[in-house]
Amino acid sequence: MWSNLNLNGAVPARVRPTIGEWGPTGLPSTKQKKRGRWLAPVFFTLALIAITIAGWYFWTLFR
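Only a predicted model underlies this, so the values are computations on that prediction, with no experimental measurement involved.

Engineer: Describe in detail the overall build of the protein chain, supporting the description with residues and values.
Structural biologist: Counting secondary structure elements, the protein chain contains one helix and zero strands. By the compact-globule yardstick of 11 Å for 63 residues, the protein chain is too spread out, its C-alpha radius of gyration being 22 Å. In terms of overall dimensions, the protein chain has C-alpha extents of about 65 × 25 × 25 Å along its principal axes. Taking all 63 residues of the protein chain together, 3% fall into the buried category.

Engineer: Would you mind going over a nonpolar patch on the surface in detail, with residue names and values included?
Structural biologist: The grouping of Leu39, Val42, Phe43, Leu46, Ile49 and Ile53 at the surface amounts to a nonpolar patch, some 560 Å² of accessible area in total. Relative to the helices and strands, Leu46 resides in helix α1 (residues 30-62).

Engineer: Outline the environment of Val15, listing residues and values.
Structural biologist: Turning to its location among the elements, Val15 is positioned in the segment before α1. Accessibility expressed as a relative area gives 52% for Val15, which makes it exposed. Val15 sits 31 residues away from Leu46 along the chain, and the two C-alpha atoms are 35 Å apart.

Engineer: So what's going on with the packing of aromatic side chains? Which residues, and what values?
Structural biologist: For the coordinates displayed, the defined rule picks out two aromatic pairs. Seen in terms of ring centroids, Tyr57 and Phe58 are 5.6 Å apart; in terms of plane orientation they differ by 65°. Their pairing is edge-to-face. By the ring-pair criterion, three or more aromatic residues cluster together here, those being Tyr57, Phe58 and Phe62.

Engineer: Which residues make up the environment of Lys33, and what values go with them?
Structural biologist: Here Lys33 is to be found in helix α1. Lys33 sits 30 residues away from Arg63 along the chain, and the two C-alpha atoms are 45 Å apart.

Engineer: Describe the environment of Trp56, listing the residues and the values that go with them.
Structural biologist: Considering the arrangement of structural elements, one finds Trp56 in helix α1. Spatially, the C-alpha atoms of Trp56 and Pro24 are 48 Å apart, while their sequence positions differ by 32 residues.

Reading guide: rules and limits
Position numbers for residues start from 1 in each chain and track the written sequence from start to end. Given that this is a predicted model, residues contribute local features only at a pLDDT of at least 70 and side-chain atom pairs are listed and counted only at 80 or more, while totals for whole chains, interfaces and linings are drawn from all residues. Heavy atoms from the whole structure form the basis of all side-chain values; hydrogens and water molecules are not counted. A run of H or I in DSSP becomes a helix once it reaches four residues, and a run of E becomes a strand once it reaches two; helices and strands are each numbered from the N terminus. This radius of gyration counts C-alpha atoms alone. The globule rule is 2.2 Å times how many residues there are, raised to the power 0.38. In this scheme, a residue with accessible area under 20% of its type's maximum is buried, one over 50% is exposed, and one in between is partly exposed, where area comes from a 1.4 Å probe on protein chains only. The patches described consist of residues with a relative accessible area above 30% and no salt bridge, like charges being joined within 9 Å and nonpolar side chains (Val, Leu, Ile, Met, Phe, Trp, Tyr) within 5 Å. Accessible areas in this description were obtained via Shrake-Rupley with a 1.4 Å probe; residue shielding takes into account the shown protein chains only. Any carboxyl oxygen of Asp or Glu that lies within 4 Å of a side-chain nitrogen of Lys or Arg is treated as forming a salt bridge with it. A pair of aromatic rings is counted whenever rings of Phe, Tyr or Trp (Trp by its six-membered ring) have centres within 6.5 Å, and the orientation is called stacked for planes under 30 degrees apart, edge-to-face for over 60 and tilted otherwise.

Pasting the structure below:
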């Protein structure tokens, strides 16, 4: 029911995070997470626009 916050629990050593002085290391920071939450929709929109333009170009080319 409750989340187990013990990172050194009964899991294999290969899946345990590296524990530093203040907690796990190698995890993304809050700033990186916020940046990713904004960049993912931007990249998706740009990819969608590029696919639409390429489709339109080929449609007019083959007409």
